[in-house]
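Residues per chain, in single letters:
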There are 2 protein chains.
Amino acid sequence: MSQNPLVIFTPSGKRGRFPVGTPVLTAARQLGVDLDSVCGGRGICSKCQVTPSVGEYPKHGVTVSADALSEWNAVEQRYKDKRGLIDGRRLGCQATVQADVVIDVPPESQVHRQVVRKRAEARDIVLNAAVRLYYVEVEEPDMHKPSGDLERLKSALQKQWGLEKISIDPALLRTLQPTLRKGNWTLTVAAHKTHQSDTVEITRIWPGYFDGPIYGLAVDLGSTTIAAHLCDLKTGEVVASSGIMNPQIRFGEDLMSRVSYAMMNKGGDLEMTRAVRDGMRALFDQIAKEGEIDKDLILDATFVCNPVMHHLFLGIDPYELGQAPFALALNTSLSLKASDLDLGLHQGARVYVLPCIAGHVGADAAAVALSESPNTSEDLVLLVDVGTNAEIILGNKDRVLACSSPTGPAFEGAQISSGQRAAPGAIERVEIDPVTKEPRFRVIGSDLWSDEDGFDRAIATTGITGICGSGIIEVLAEMRLAGLLDASGLIGSAEQTGSARCIPDGRTHSYLLWDGSADGGPVITVTNPDVRAIQMAKAALYSGARLLMDKLEVETVDRIVLAGAFGAHISAKHAMVLGMIPDCPLDKVTSAGNAAGTGARIALLNIDARADIEKTVGEIEKIETAVEPRFQEHFVNASAMPNAVEPFPILKTVVDLPEVSFNTGGEGGGNRRRRRRG
Amino acid sequence: MSQNPLVIFTPSGKRGRFPVGTPVLTAARQLGVDLDSVCGGRGICSKCQVTPSVGEYPKHGVTVSADALSEWNAVEQRYKDKRGLIDGRRLGCQATVQADVVIDVPPESQVHRQVVRKRAEARDIVLNAAVRLYYVEVEEPDMHKPSGDLERLKSALQKQWGLEKISIDPALLRTLQPTLRKGNWTLTVAAHKTHQSDTVEITRIWPGYFDGPIYGLAVDLGSTTIAAHLCDLKTGEVVASSGIMNPQIRFGEDLMSRVSYAMMNKGGDLEMTRAVRDGMRALFDQIAKEGEIDKDLILDATFVCNPVMHHLFLGIDPYELGQAPFALALNTSLSLKASDLDLGLHQGARVYVLPCIAGHVGADAAAVALSESPNTSEDLVLLVDVGTNAEIILGNKDRVLACSSPTGPAFEGAQISSGQRAAPGAIERVEIDPVTKEPRFRVIGSDLWSDEDGFDRAIATTGITGICGSGIIEVLAEMRLAGLLDASGLIGSAEQTGSARCIPDGRTHSYLLWDGSADGGPVITVTNPDVRAIQMAKAALYSGARLLMDKLEVETVDRIVLAGAFGAHISAKHAMVLGMIPDCPLDKVTSAGNAAGTGARIALLNIDARADIEKTVGEIEKIETAVEPRFQEHFVNASAMPNAVEPFPILKTVVDLPEVSFNTGGEGGGNRRRRRRG
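Just so we're clear, the structure is a prediction, and the values are computed from it rather than from any experiment.

Of the regular secondary structure elements, chain A holds 18 helices and 31 strands. With the principal axes as the frame, chain A shows a C-alpha extent of 100 × 65 × 55 Å. Buried positions account for 51% of the 678 residues belonging to chain A. Expressed as a percentage of contacts within chain A between residues at least 6 apart in sequence, the contacts between residues at least 24 apart total 66%.

In this section: the interface of chain A and chain B. Across the boundary between the two partners, chain A contributes 35 residues, which contact 35 residues of chain B. Those elements that provide at least two residues to the side of chain A that touches chain B are helix H3 (149-161) and helix H4 (173-182) of chain A. Classifying every residue of the side of chain A that touches chain B by side-chain character gives 19 nonpolar, 8 polar and 8 charged.

Let us look at the sheet that holds strand S30 (residues 589-593) of chain B. Residues and elements named next belong to chain B. Here we have 6 strands laid out as an open sheet, ordered S30-S29-S20-S21-S22-S31, and mixed in their pairing. A strand with exactly one partner marks an edge of an open sheet, and here the two such strands are S30 and strand S31 (621-622). Where strand S29 (residues 559-563) meets S30, 4 bridges bridge the pair, whose relative direction is parallel. Bridged to Ala563 within S30 is Gly593.

Moving on to the packing of helix H12 (residues 528-552) of chain A against helix H17 (residues 629-638) of chain A. Residues and elements named next belong to chain A. Contact pair H12 / H17: the axes reach a minimum separation of 8 Å and the direction vectors enclose 130°. Taken together, the axes of H12 and H17 are oblique relative to one another. Where H12 crosses over H17, the two elements pack in a sense that is right-handed. In this structure, H12 contributes Ala539, Ala540, Tyr542, Ser543, Arg546, Leu547 and Asp550 to the contact, and H17 contributes Arg630, Phe631, His634, Phe635 and Ala638. Here the residues of the contact of H12 with H17 sort into 7 nonpolar, 2 polar and 3 charged.

A separate point is the domain arrangement of chain A. Its domain assignment divides chain A into domain 1 (6-109), domain 2 (115-207) and domain 3 (215-353). Distance from the C-alpha centre of domain 1 of chain A to the C-alpha centre of domain 3 of chain A: 44 Å.

What follows deals with H3(A). Residue and element names in this part refer to chain A. If you check H3, its first and last C-alpha atoms are 17 Å apart, about what 13 residues at 1.5 Å a residue would give, namely 18 Å. Inspection of H3 places Asp149, Leu150, Arg152, Leu153, Lys154, Ala156 and Leu157 among the buried residues, and these make up the whole buried set. Tucked into the core, H3 has its buried residues touching strand S10 (131-137), strand S11 (165-168), H4 and strand S12 (186-192). Of the residues trailing H3, Gly162 is marked for its positive phi of about 70°.

Attention shifts here to the pairing of strand S26 (residues 502-505) of chain A. All names here are of chain A. Where S26 lies against strand S27 (residues 508-515), 4 bridges are found, and the strand directions are antiparallel. Bridge pairing in S27 places Cys502 opposite Tyr511. Where S26 folds back onto S27 in an antiparallel hairpin, the turn is made up of 2 residues, including Gly506, whose phi is positive at roughly 65°.

This part takes up the relation of the copies chain A and chain B. Superposing the two chain copies requires a rotation about an axis and a translation along that axis. In the superposition of chain A on chain B (RMSD 0.1 Å, axial shift 0.1 Å), the rotation amounts to 180°. Read as a symmetry element, the transformation amounts to a two-fold axis. In terms of proximity to the rotation axis, the leading residue of chain A is A:Ser197, whose C-alpha is 5.1 Å off the axis. Interface overlap between copies is the fraction of interface residues in one copy that are interface residues in the other; for chain A against chain B it reaches 100%, indicating a shared surface.

Take the environment of B:Val308 next. One can find B:Val308 in helix H7 (residues 307-314). Once the C-alpha coordinates of B:Val308 and B:Pro318 are considered, the two residues, 10 residues apart in sequence, prove to be 5.9 Å apart.

It is worth spelling out unusual backbone geometry at this point. Between A:Ala324 and the following residue, A:Pro325, the backbone shows a cis peptide bond with an omega angle of 0°. Within the secondary structure, A:Pro325 sits in the loop between helix H7 (307-314) and strand S18 (334-337). The phi torsion at B:Glu292 lies on the positive side, around 55°, for a residue other than glycine. Summarising the element assignment, B:Glu292 is placed in the loop between helix H6 (268-290) and strand S17 (298-305). A count of 8 C-beta atoms within 10 Å places B:Glu292 in the exposed class.

Criteria and cut-off values
Residues numbered from 1 in each chain as written. Chains lettered and ligands numbered in written order. Predicted model: local features only at pLDDT ≥ 70, side-chain atom pairs only at ≥ 80, totals over all residues. Helix = DSSP H or I, 4+ residues; strand = E, 2+ residues; numbered from the N terminus. Buried ≥ 20, exposed ≤ 12 C-beta atoms within 10 Å, placed from the backbone. Contact = placed C-beta atoms within 7 Å. Nonpolar A, V, L, I, M, F, W, Y, C, P; charged D, E, K, R; others polar. Pairing = 2+ DSSP bridges. Axes fitted to C-alpha atoms, helices over the stretch in contact; angles between N-to-C directions. Parallel < 35°, antiparallel > 145°, perpendicular 65-115°, else oblique. Left-handed = near helix turned anticlockwise from the far one by under 90°. Domains from an automatic or database assignment. Expected span 1.5 Å × (residues − 1). Least-squares fit on C-alpha atoms with pLDDT ≥ 70 in both.

In structure tokens form, the structure reads like this:
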């Protein structure tokens, strides 16, 4: 038996020689191996579980004997008897090294474990939360060495955990003495560190060893909805996800109407601040209930939002955001107490608000950038977060640009004659037979198409109530593909199209998608004003993207990522037929889901990510679309479907775009091609 | 004319050569000369006024011509016309160097000017307040460079004032945008720096240039009274001083009865916390009114108090201070927001609570140490702060010790048969003729002795109501000197003393000081229980001091400083006759007045003093009297007046101490000397 056996840790591969009798935890710490411990090696917390391997390891050049670690001692045996240990596991703080050994640290024993994300292209999150628990044994007071309980606690945290600069939430001063005595001079401390300072702050204390989990909230505060993930800060897992409507909706559907409300009504901004915080408190109550947790164990929260929501949430009048030069009160990140924002969380809860990128490009866009990392991408990626305002980011590892574009609420079903929010009963998918011009569709709440057996039964409860955002994109694109709608946005007449579904509607025509009137249901048509609304919205979106491409002097992008709930539901093909997004191989258009929410979650689980995104935001070039002369030109061109000047060659290899024109007035055009009734 | 004229500043003597045309303020800054400026050299604030000298300066080796500084420019002339300038003064930011020059910086143009204290032996205070005002011009927002208003403000403070790490009170985020616009992109910032961090915090903002003063409070929170000084933070002057009774008195007169109240009544500590904070708010309203200032301009406050008051003020249950080992919740200093303590001050006001020394030796003692600097004293100084609890500090530049001693309230007139607080009508000075044994006295409210003409008229309003603390010390000492009271504390009978004023009182005797019964007034006597109460109190005080002398292995001290209101009123000779304080030349016994309050004021006006006292407190050796075996021995010896074993040789060169004994019972003694009736 070697005097100084070799200890090899997997999966890190870190290795070193230690005297016989060295605890595994000590060896791990000296080698910088990521092995967790809350109790500081006292055999209480069991976070330092390891699995010693036995046998030959030619790769490492060692043979491990069965007695490479010490016999079970009383502490370890007692833990196993009382709480149980997985077969083969040992407590790293109790088992000591006796001979050469290979020791595996399972993922759940790592502090900085990886939180695996579902999407292959997204980077994994390495856990490094702002709040960590530390168990400490504090020296008892001694009349002859008069130092306060707090000072002895700090000194214990320094000696036992290497924490240097320590502050304490003043609210804890009152409970410190009884807590220390209740825990018989031991306690567990929640310490909050930030990436901005080298001081850790004690934000909560428990007598003795506190075994429970602690939680954090990642909140995506949107104009329409507030969504939150409740995460376990020790495992990174999402315990519950929940959302509510933003109660500010009663002050205005879109951002600018809320800014107007604040301008026109004295104290209106404060009313809206109260409303959103009230909503936040209700959401947190709800998510704690859904996650079946004690809300007081929520000790950290991250927030992403657009600039107007950002200001209203922080209690700042958004007045300046309603007019040029769109000056933000602040654009950098903010670290606060939850109580500063009246969030109804535990006194020890802290809040981090991500930085904004510019007056129209908010912390939500920053969160998308954090989640999707365009700044590390080899290929040129276009990120589009579609909402009432679209945030657009274009770039790669060399350079990243961002802008926002005022798409308006049409994509959310507003301003559309039969439009509605995405809810059961709404038409979400549409196909139109290019020959017969007959539609079929699916509604939210059923997987059946309208021409399939059982459809009527399946939708009996919800009925067919309207068209949601993704449905309107699809029906327009299908109309365009079926030759019912021309590139300029005119719907043809029954005569021009050969479809009786094209019915006169004032001076234009509408397409009859569904007639439910026989059963007292709605008549759902697509009108020419509906087409105009979508044209305006998609032209705004495209022009923003095109402007960024101009700035980078590129004609194409390598891939497109659609973020947001809307982005998750629209079909890439249909969006491209309308010219919402630039020409691109369809398999290179992916959805990132709620990337802003994911960015909030990353910032919650890893404080280094906070430093990262602050740096990235500083490096992103901001383009203000409102003052770019080319924006207007792009906008006019982008009003056509897909576009008046861009050729969309890749799209044209996939679909056939009929070159129809239904403009019966004066100049040019006329129908250059017409399909016959099938 | 030299290309690079020589510029010499007085009184600093700093000198350097600068190109012709250099503004005086620029030269001063480059040389590190302390020349104030709030507006940053824009000719607005006039803080940089200097006086150029003309003529020969052989000492400096220069001759200064009349045109050594530039002609008056338009800005300077406009300032002079509008606001006026003292003859010979120039604005340092406008006047430029043209030739060799000697420039005097008057005290009011120095940032770190000295605040002169009245006592010669006390060190002056160099002004270096935590809060300073900075005038800044902020860049206007630019759509193409989207940074928030806050970030542009920070950048202006960095560029124009060299402030590096800047944070802002979150409450100001709401007012930042309108303030900047109201001031047309200029504003004045109150920035709070601490000695504990390199970050300055913006705590208040004003549009444009704010010319007004800002204030701070130095608060001495005592068991009986709360006293505060309102100070101008730009000049260091005391604008108003005020005090109120501590509203906690209704929960108990002394500290231990308040600790008991907290122990016996659930929530009792919180009741007392509320009471003291209520009192504080009332005091601050009152002092702002007395100083005729806007209370919202108070932006800083320092607090000193004993440990029990410290805990109750901070909202900490003082339970642990009521029993060994007298563990403080915390002993280090505390920097907080005033709003954390519910003090009714402006949101931007910050609070600094001085560190405590030990469980019985509080921040008030630390403040005395800061004011009197025993740690820099060449000679050995004994500091005694007499109150319900006496804080005792002994030391010099080599070593400082501290303890506290439970004197009880006898020195404040409590537990004394005719005792009362120091108020008009109370007897405060007493003389007894050693031959006739007849007394004469003075009462608070009149300068006349009781045997002088006009005394009756002078006291007609107040009457003669009782004896205050200093009066009881004097009457006892005078009785001792007149042979009416023996060393053991017995009052002689009329027969033993030859004075008819010594009247039987149960099994002992009393001395009749004043009989007002003819006019319906009180009969004021000194009883033997009165003597016992003072004996206990003074023995406790002396034993504490003696214990510290033991620890330092000294038999004498070089000087004695009496702090506190009581210390300011007692006569050194009489205190020494009773043996309250060690033997010492009488001219070496001085009063420091409210040294604790002065310490609070020093910490308010100079943040370096905060670092100093924290360091000093860490170095002071704390002695716990309760567990020192010799304390009891000293106490027994010190019960005698002046002392059973200490010889008091210096005192005996000044006074004649009759060696009488009135013990008529058994062992030893008997009257060794008896005076006849006069």
